[in-house]
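# Structural characterization, general
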Amino acid sequence: MTCRRGAIIVLEGVDKAGKTTQCKKLVQTLQDNGVPAEMFRFPERTTKIGQLISSYLENKNNLEDHTVHLLFSANRWELVPLMKEKLEQGISLVVDRYAFSGVAFTSAKPGFSLDWCMNPDVGLPKPDLVMFLKVNPSEAARRGQYGTERYETSAFQNAVQQRFEKLMKDPTINWQVIDAARNIEDVHTDIMNHSVNAINKAANTPIGELWK
Ligand code: NYM
């Protein structure tokens, strides 16, 4: 590799934690500081697979639980060539949800083990940093109504939070827990500091493989 590669920076958390707001602010501040950065989000609803997922989430169609899990994973894999191309150009990727949401949401359904849920995502480009935006689900609910999409209930979000806690025990991932109950600017400063560190560290190391 001739130039410094970009870093993969993932923001995770339950719904209403502020991930999308913080991803957008992070990309803007990085760019303002001359650091090339772009935002990715999963699910990426614009592809054919993404459209299937989107209409499932909007309750417009029903998909069998294993099937939809594999579609979420396929939606990440279909973006891998583009992600790698950007990283190799030195662009850091700020990613709104990744495989961790995939595992946390499906494994919150009855009959799904973490292991089974992780398998399809093994080998994806490994994030250099995963920040978990932590707000308890009741605080998240206070921030405004959950929407009307599938999974948007307090009971399900509680189960998802517990699955995230399990995933965060994995020492092979650079997890950072961010107290997201604070104001937007304080959370942003914290996220920016962690990101700059990760970008500097990643620059001269090869892209890793997730859960391998
Ligand atoms: N979701 C997201 C999953 O169930 N599996 C996945 O792999 C991913 C990436 O989709 N409730 C769920 C979490 C959300 C929903 O996400 C849509 P968003 O960020 O609201 O568009």
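Under an unreviewed UniProt entry, the protein chain has the name Thymidylate kinase and belongs to Umbra pygmaea. In UniProt, the protein chain has this text filed under Function (unreviewed entry): "Catalyzes the phosphorylation of thymidine monophosphate (dTMP) to thymidine diphosphate (dTDP), the immediate precursor for the DNA building block dTTP, with ATP as the preferred phosphoryl donor in the presence of Mg(2+)." The Pathway (unreviewed entry) field of the UniProt record for the protein chain holds the comment "Pyrimidine metabolism; dTTP biosynthesis."

Let's shift gears to the site of the ligand. In the neighbourhood of the ligand, the contacting residues comprise D15, F42, P43, R45, L57, F72, R76, R97, S101, G102, F105 and Y151. Here an oxygen atom of the ligand sits 3.0 Å away from a polar atom, N or O, in the side chain of R45. For the ligand, an oxygen atom lies 3.4 Å from a polar atom in the backbone of G102. For the ligand, the protein covers 91% of the area, taking 480 Å² as the surface of the free molecule. Judged by the proximity of its atoms to the pocket grid, the ligand belongs to the largest pocket. Here the element with the most residues in the shell around the ligand is helix α5 (residues 99-107); it accounts for three residues. Residue classes in the shell around the ligand are distributed as six nonpolar, two polar and four charged.

Here we take up helix α2 (residues 48-57). What sets the pattern is the α-helix's 3.6 residues per turn: residues three or four places apart point alike. For α2, the set of buried residues is G50, I53, S54, S55, Y56 and L57. Check the buried side of α2 and you find it contacts α3 (65-77). One or two residues past the end of α2 sits N59, with phi positive at roughly 60°.

The rules we used
- Residues numbered from 1 in each chain as written.
- Predicted model: local features only at pLDDT ≥ 70, side-chain atom pairs only at ≥ 80, totals over all residues.
- Heavy atoms only, no water.
- UniProt positions renumbered as here; feature names shortened; annotations may be inferred.
- Near = heavy atom within 4 Å.
- Polar contact = N/O pair within 3.5 Å; in protein donor to acceptor, adjacent residues only side chain to side chain.
- Areas by Shrake-Rupley, 256 points an atom, 1.4 Å probe, with all protein chains shown as cover.
- 1 Å grid on protein atoms, 1.4 Å probe; cavity = no way out; pocket = protein on both sides within 12 Å on 5 of 7 lines; lining within 4 Å.
- Sits in = over half its atoms within 2 Å of the grid points.
- Helix = DSSP H or I, 4+ residues; strand = E, 2+ residues; numbered from the N terminus.
- Nonpolar A, V, L, I, M, F, W, Y, C, P; charged D, E, K, R; others polar.
- Buried < 20%, exposed > 50% of the residue type's maximum accessible area, 1.4 Å probe, protein only.
- Contact = heavy atoms within 4.5 Å.

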